[in-house]
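Fold and contact review
Here are the chains, one letter per residue:
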Amino acid sequence: MKKAIIIGATSGIGKGLAKILAENNYRVGITGRRTELLKELKDQYPDSFFVKSFDIRDTDTTIKLLDELTIESGGLDLLIISSGTGELNDPLDFNIELQTIETNVTGFTCIADWAFNYFEKQKYGHLVAITSIGGLRGGRQAPSYNATKAYQINYIEALRQKASNLKMPITVTDIRPGFVDTDMAKGEGKFWVQPVEKVSRQIYKAIRRKKKIVYVTRRWGIVAFIIKLIPRFIYNRM
Ligand SMILES: NC(=O)c1ccc[n+]([C@@H]2O[C@H](COP(=O)([O-])OP(=O)(O)OC[C@H]3O[C@@H](n4cnc5c(N)ncnc54)[C@H](OP(=O)(O)O)[C@@H]3O)[C@@H](O)[C@H]2O)c1
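We now turn to the structure provided with this report. (Residues numbered from 1 in each chain as written. Predicted model: local features only at pLDDT ≥ 70, side-chain atom pairs only at ≥ 80, totals over all residues. Heavy atoms only, no water.)

Describing the site of the ligand
Around the ligand, a shell composed of 29 residues is seen, among which Thr10, Ser11, Arg33, Tyr145 and Thr182 lie nearest. In this structure, an oxygen atom belonging to the ligand sits 3.3 Å away from a main-chain N or O atom of Gly8. At a separation of 2.6 Å, an oxygen atom of the ligand approaches a polar side-chain atom of Arg33. Summarising the interface, the protein chains cover 95% of the accessible area of the ligand, which totals 870 Å² for the free molecule. Residue assignment for the shell around the ligand shows that the elements contributing at least two residues are helix 1 (12-23) and helix 5 (143-166). Residue classes in the shell around the ligand are distributed as 11 nonpolar, 13 polar and 5 charged. (Near = heavy atom within 4 Å. Polar contact = N/O pair within 3.5 Å; in protein donor to acceptor, adjacent residues only side chain to side chain. Areas by Shrake-Rupley, 256 points an atom, 1.4 Å probe, with all protein chains shown as cover. Helix = DSSP H or I, 4+ residues; strand = E, 2+ residues; numbered from the N terminus. Nonpolar A, V, L, I, M, F, W, Y, C, P; charged D, E, K, R; others polar.)

What follows is the structure in structure tokens.
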């Protein structure tokens, strides 16, 4: 049986992926802050899931519990970072920005580093980060969300380069969703909001194929292409 950990499995994409992995014979460590939701999920697949509840902003606890989870589930082949936060922040409330930075940058980096070091030691592994199409450009509605997603995209690329330099079979996958039907989908002008099940299925397929960068659902690849091409003088007025 393959072993995986999903950071942020209490809801949304992380939960969708947890179910797919369980149905495909994985032993999965599921994490998040909402313990009750993790227990509910465990009740559905008691033999597949191992539960640890923690806040990724507390990096010491995160490392300790990731170590424990890996021992309990008997190893690690795949780690998926699906945790993330982002609030609309028109008034530029610094506390909102700080929460986002602590989760999407500090917590994210702690977990990505822990996973990469683990995989380097065992000489193989697969790290998957759920970033966002939002990381491609700045965004006035939630500046820290777009900026932290740009950080994640850049950071994960660095780890892929590091794996390649090490000449080890460590795969690093960057999944960039467009709008998905979860609590995270916020902001004006939402369109093409995609169901969690469809998005999770496409992500699982990308994981199996060891893809490097994937837009989900596929149609969001077209939007990404256009977003990157919009000239600055037009983008500034949007
Ligand atoms: N939905 C979209 O439209 C969309 C678009 C692009 C990218 N994404 C990205 O997709 C990823 C998954 O989001 P989602 O759409 O599935 O939303 P979601 O249902 O809100 O899931 C977010 C997950 O992150 C966990 N999390 C948040 N803060 C945490 C913290 N401090 N410590 C531990 N866990 C934490 C949550 O668990 P607890 O609250 O239980 O801790 C939850 O399981 C995120 O990285 C998001 O940025 C989403």
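What about unusual backbone geometry?
As a rule of thumb, non-glycine residues mostly have phi less than zero, and peptide bonds are mostly trans rather than cis. Backbone torsion omega between Val216 and Thr217 reads -15°, so that peptide bond is classified as cis. Topologically, Thr217 is positioned in the loop between strand 7 (213-216) and helix 7 (220-229). Unusually for a residue other than glycine, Lys167 sits at a positive phi of about 55°. Residue placement: Lys167 occurs in the loop between helix 5 and strand 6 (170-177). Non-glycine residue Lys210 carries a positive phi angle of around 55°. Mapped onto the elements, Lys210 comes out in the loop between helix 6 (196-208) and strand 7. The exposure class assigned to Lys210 is partly exposed, which follows from its relative accessible area of 49%. (Buried < 20%, exposed > 50% of the residue type's maximum accessible area, 1.4 Å probe, protein only.)

Brief notes about the packing of helix 4 (residues 94-122) against helix 5
Axis separation between helix 4 and helix 5 bottoms out at 9 Å; the angle between their running directions is 10°. As summarised for this structure, helix 4 and helix 5 are arranged roughly parallel, according to the angle between their axes. Along the lines of polarity and charge, the residues of the contact of helix 4 with helix 5 split into 13 nonpolar, 6 polar and 5 charged. (Axes fitted to C-alpha atoms, helices over the stretch in contact; angles between N-to-C directions. Parallel < 35°, antiparallel > 145°, perpendicular 65-115°, else oblique.)

Here's the deal with helix 1
Taking 1.5 Å of rise per residue, the 12 residues of helix 1 would be expected to cover 16 Å, and the 17 Å separating its terminal C-alpha atoms lies within 8% of that figure. Taken across its 12 residues, helix 1 has 9 buried, putting it largely inside the fold. The set of residues buried in helix 1 consists of Gly12, Ile13, Gly14, Gly16, Leu17, Ala18, Ile20, Leu21 and Ala22. (Expected span 1.5 Å × (residues − 1).)

Here's the deal with helix 5
With 24 residues, helix 5 ought to run about 34 Å at 1.5 Å a step, and its terminal C-alpha atoms sit 35 Å apart, in line with that. Among all positions in helix 5, only Ser144, Tyr145, Asn146, Thr148, Lys149, Gln152, Ile153, Tyr155, Ile156, Leu159, Arg160 and Ala163 are buried. Summarising the contacts, the buried residues of helix 5 are in contact with helix 4, strand 5 (125-130), strand 6 and strand 7. Of the residues flanking the end of helix 5, it is Lys167, one or two places downstream, whose phi is positive at about 55°. (Contact = heavy atoms within 4.5 Å.)

A closer look at the packing of aromatic side chains
On inspection of all chains with the given rule, the structure shows 9 aromatic pairs. Between Tyr45 and Phe49, the ring centres sit 5.4 Å apart and the planes meet at 70°, which makes this aromatic pair edge-to-face. Side by side, Tyr45 and Phe49 carry an identical accessibility label, which is buried. Between the aromatic rings of Tyr151 and Tyr155, the centroid separation amounts to 5.5 Å while the plane-to-plane angle is 25°, which identifies the pairing as stacked. One end of the pair is Tyr151 and the other is Tyr155, both in helix 5 and 4 residues apart, which spans about a single turn. (Phe/Tyr/Trp six-rings, centres within 6.5 Å; stacked < 30°, edge-to-face > 60°.)

Notes on the nonpolar core
Residues Leu21, Ile80 and Ile203 are the most contacted members of the largest nonpolar core, which totals 30 residues. Broken down by secondary-structure element, the contributors of at least two residues to this core are strand 1 (2-7), helix 1, strand 2 (26-32), helix 2 (35-44), strand 4 (78-81), strand 5, helix 6 and strand 7. The residues contacting Ile80, other than those within four sequence positions of it, are Ile5, Ile6, Ile7, Leu17, Leu21, Val128, Ile130 and Ile207. By size, the runner-up hydrophobic cluster in this structure holds 27 residues, among which are Ile111, Phe116, Ala129 and Val172. (Core = buried A, V, L, I, M, F, W, Y, C linked by side-chain atoms within 4.5 Å.)

Observations regarding the pattern of salt bridges
Considering all chains together, one arrives at 6 salt bridges under this definition. Note that Lys39 and Glu36 form a salt bridge whose closest N and O atoms lie 3.9 Å from each other. Note that Lys39 and Glu36 are positioned in helix 2 at a spacing of 3 residues, about one turn of the helix. A salt bridge links Asp174 to Arg176; the nearest nitrogen and oxygen atoms lie 2.9 Å apart. Of the two residues, Asp174 and Arg176, both sit in the buried class. In this structure, a network of salt bridges that share partners links the residues Lys52, Lys64, Glu68 and Glu72. (Salt bridge = Lys/Arg side-chain N within 4 Å of Asp/Glu carboxyl O.)

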